[in-house]
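# Descriptive analysis of the structure
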Amino acid sequence: MSIPESELSYGSILTLTGENAEINGKLNNKPINFTHIAIGDANDVYVQPSRTQTTLVNEITRIPVTGMEKITPSEPDGVPLLKVWAKIPDNTVDIAVREFAAVATFDGNSYIHAVGNTVRIPILSGSNNGGEVNDIFIEMTFAVTSLDPVVMIDPAIVTATRKFVEEEDAKHVSQNHPHKQYLRILEYHQNETERDGALKKIPLYPEVVNDENRLNMSLDGTTLTIEDNQILRFYGWLEVNTSDYPNKSFHVDLEKAYHVRFNMTDGFHIKDVSSLEYNPDSLDESDKRFDTSYDDMNLALVYKGLLMRCVHTNQLSKSVTVTGSGSILVPICPRLRNMRITFSNLELGNSGAQKVEVPANAEMGGYGHFNSGGSTSVSVVKSSQKSLIRIETNNQTSDTTVSVNTFSFSRQLQRYQTNQCMTELVHIGNHEWLLMSEKGPCLLAWQTNGLSMNYHNLKSGNFVVEYLR
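Looking up the protein chain in an unreviewed UniProt entry gives the name Phage tail fibre protein N-terminal domain-containing protein, with the organism given as Vibrio zhanjiangensis.

Turning our attention to the overall build of the protein chain. Within the protein chain, the secondary structure is distributed over four helices and 29 strands. The buried share of the protein chain, reckoned over its 469 residues, is 40%. Partitioning the intrachain contacts of the protein chain with sequence separation of at least 6 by distance along the chain shows that 72% fall at a separation of at least 24.

Right, let's get into the state of the cysteines. Scanning the model with the defined rule gives zero disulfides in all. Free cysteine Cys310: the closest other cysteine sulfur is in Cys333, separated by 4.4 Å. The exposure class of Cys310 is buried, given its relative accessible area of 2%.

A sheet is described by the order of its strands in space; here three strands give the open sequence E10-E13-E14, paired in antiparallel fashion. Of all the strands in the sheet, just strand E10 (207-208) and strand E14 (238-241) have a single pairing partner and so form its edges. Pairing analysis gives four bridges linking strand E13 (residues 231-234) to E14, with the strands arranged antiparallel. Paired with Leu232 across the bridge in E14 is Val240.

Of note in this structure, Asn213 is not a glycine but carries a positive phi near 60°. Its place among the elements puts Asn213 in the loop between E10 and strand E11 (217-220). Here Asn457, not a glycine, exhibits a phi torsion of approximately 60°, which is positive. Looking at the element boundaries, Asn457 is found in strand E29 (residues 451-468).

Turning to the packing of aromatic side chains, a few remarks are in order. Using the criterion set out here, one finds 14 aromatic pairs in the structure. Measuring from centroid to centroid gives 5.6 Å for Tyr10 and Tyr46, while their planes differ by 85°, and the two rings are edge-to-face. Taken as a pair, Tyr10 in the segment before strand E1 (12-14) and Tyr46 in the loop between strand E2 (32-40) and strand E3 (59-64) lie far apart in primary sequence, 36 residues in all. Of the residues examined, Tyr10 reaches a relative accessible area of 41% and is grouped as partly exposed. The exposure class assigned to Tyr46 is buried, which follows from its relative accessible area of 18%. Here Tyr455 and Phe463 contribute two aromatic rings whose centre-to-centre distance is 6.4 Å and whose plane-to-plane angle is 50°, an arrangement assigned as tilted. Taken together, the ring pairs connect Phe234, Tyr235, Tyr245, Phe262 and Phe268 into an aromatic cluster.

Next up on the list: the pairing of strand E6 (residues 95-106). For E6, the tally of buried residues reaches eleven of twelve residues, placing the bulk of the element in the interior. For E2 and E6, the ladder comprises eight bridges, and the chain directions are antiparallel. Counted as the bridge partner of Phe34 is Ala104 from E6. Both E6 and strand E7 (residues 109-123) contribute to a ladder of eleven bridges, which runs antiparallel. Paired with Phe106 across the strands is Asn109, a residue of E7. As consecutive antiparallel partners, E6 and E7 are separated by two residues, and within that stretch Asp107 has a phi angle of approximately 55°, a positive value.

With that settled, consider the pattern of salt bridges. Per the stated rule, a full pass over the model turns up 22 salt bridges. With a closest N to O distance of 3.4 Å, Asp90 and Lys87 form a salt bridge. A residue is classified by how much of its surface remains accessible, and Lys87, at 10% relative accessible area, is buried. One salt bridge in this structure joins Arg309 and Glu212, with 3.5 Å as the shortest N-O distance. Here Arg309, found in strand E19 (residues 306-309), pairs with Glu212, found in the loop between E10 and E11; they are 97 residues apart in sequence, far enough to count as distant. On the basis of relative accessible area, Arg309 is assigned to the buried category, the value being 10%. By relative accessible area, which is 27% here, Glu212 ends up partly exposed. Linked by salt bridges that have partners in common, Asp44, Arg98 and Arg120 make up one network.

Turning our attention to the sheet that holds E19. Taken in spatial order, the four strands make up an open sheet running E17-E16-E18-E19, and their pairing is antiparallel. Every other strand in the sheet has two partners, leaving strand E17 (267-272) and E19 as the edge strands with one partner each. Averaged over all pairs of adjacent strands, the angle between their axes in this sheet comes to 25°, without regard to strand direction. As paired strands, strand E16 (residues 257-263) and E17 are joined by six bridges and run antiparallel to one another. When the sheet's bridge partners are listed, His259 is paired in E17 with Lys271.

Parameters at a glance
Residues numbered from 1 in each chain as written. Predicted model: local features only at pLDDT ≥ 70, side-chain atom pairs only at ≥ 80, totals over all residues. Heavy atoms only, no water. Helix = DSSP H or I, 4+ residues; strand = E, 2+ residues; numbered from the N terminus. Buried < 20%, exposed > 50% of the residue type's maximum accessible area, 1.4 Å probe, protein only. Contact = heavy atoms within 4.5 Å. Disulfide = S-S within 2.5 Å. Pairing = 2+ DSSP bridges. Phe/Tyr/Trp six-rings, centres within 6.5 Å; stacked < 30°, edge-to-face > 60°. Salt bridge = Lys/Arg side-chain N within 4 Å of Asp/Glu carboxyl O. Axes fitted to C-alpha atoms, helices over the stretch in contact; angles between N-to-C directions.

Structure, rendered in structure tokens:
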């Protein structure tokens, strides 16, 4: 049987369980803590609250209490009231609220302290409410026997309304510097400019970051092309990618000499050595004034149709240890034209001859020879070998060797001369010492690629290559 509309009433009442908690709490000095407001839809029908209720008809969820207020009566015989409210979370949507209850804990037990009803309150999502999302609160005000045992919630855990958050956020954003503990973006960029300016004064030469420390480029006919995705490092920390610079292809006159240069302002460009704008004093292209500086790189020489790439590294000494047989490529730099190669083979070898040789075109050469093995002999012999330079001679299994080899190159890597000192020790007591020298024209492969050091049958060979400024 339905209740006539004229008899419908709405409000909140104290349950018997809640009243008993208040009486016992006051007598025994025990607190009552309000924790949640439970909401339900009462199966979407009108429901009359009852003081005997211990549950809602159809509970949907429980929401943490947002705020509380004690209302003390102004008249001596007035009834004290307690107001409790909670903000419905933004993700609790598309429901209808028709009943609610104040949930509290007393003496370790959770229970319904007060219960109430309301007209049907639809709580819609933004998509079902014209795109609007509003803050919705459930508020209960009910009479109590005593306010004494009621513990007010900590204001620090009160949930803020959307309006409050938006207002506070607007105030925050409008401030000139709301977070003084942080560096502002403008200040960061200002400091970054100052910092970069200071770091760009670090006296370190730029580097090409790859195994050879030479930039990969090619000369195809009269077209010079620099490859993408290569890294140049300035001042020891600032890395630049060649892909970030679009102009990397240039036309050259094969009868002229050019320097291939780079700086971060102008990017890649080629300079005609015969140009009075680039070379007003008509200096030779090998003059040190054309060398790489801290912020401007001389990457390669183009000379009579040959491309000779420059070595750029802050580590002018490199080493490698090898075994067995194989080949090592040593780049030659048209601007660092003195190079020292130290070779050591200090472990007793494999069976058979051990040797290290560089293919070359030797016009003339010779060596001074000293041998001690029970008797002493000294000789000066002119080498008949014109197609190679020896870094290690034809040692046997029991020999170990140390050699120091200096290579000097003329301008544009046209010619070379070597000075080599080699010491060999045979473990049965013989000692051999050689001082050698070679000279001749540089091979085309040396100019465009580098020295090939071919080694054979090594137990363990260590090469140290040093570029001498």
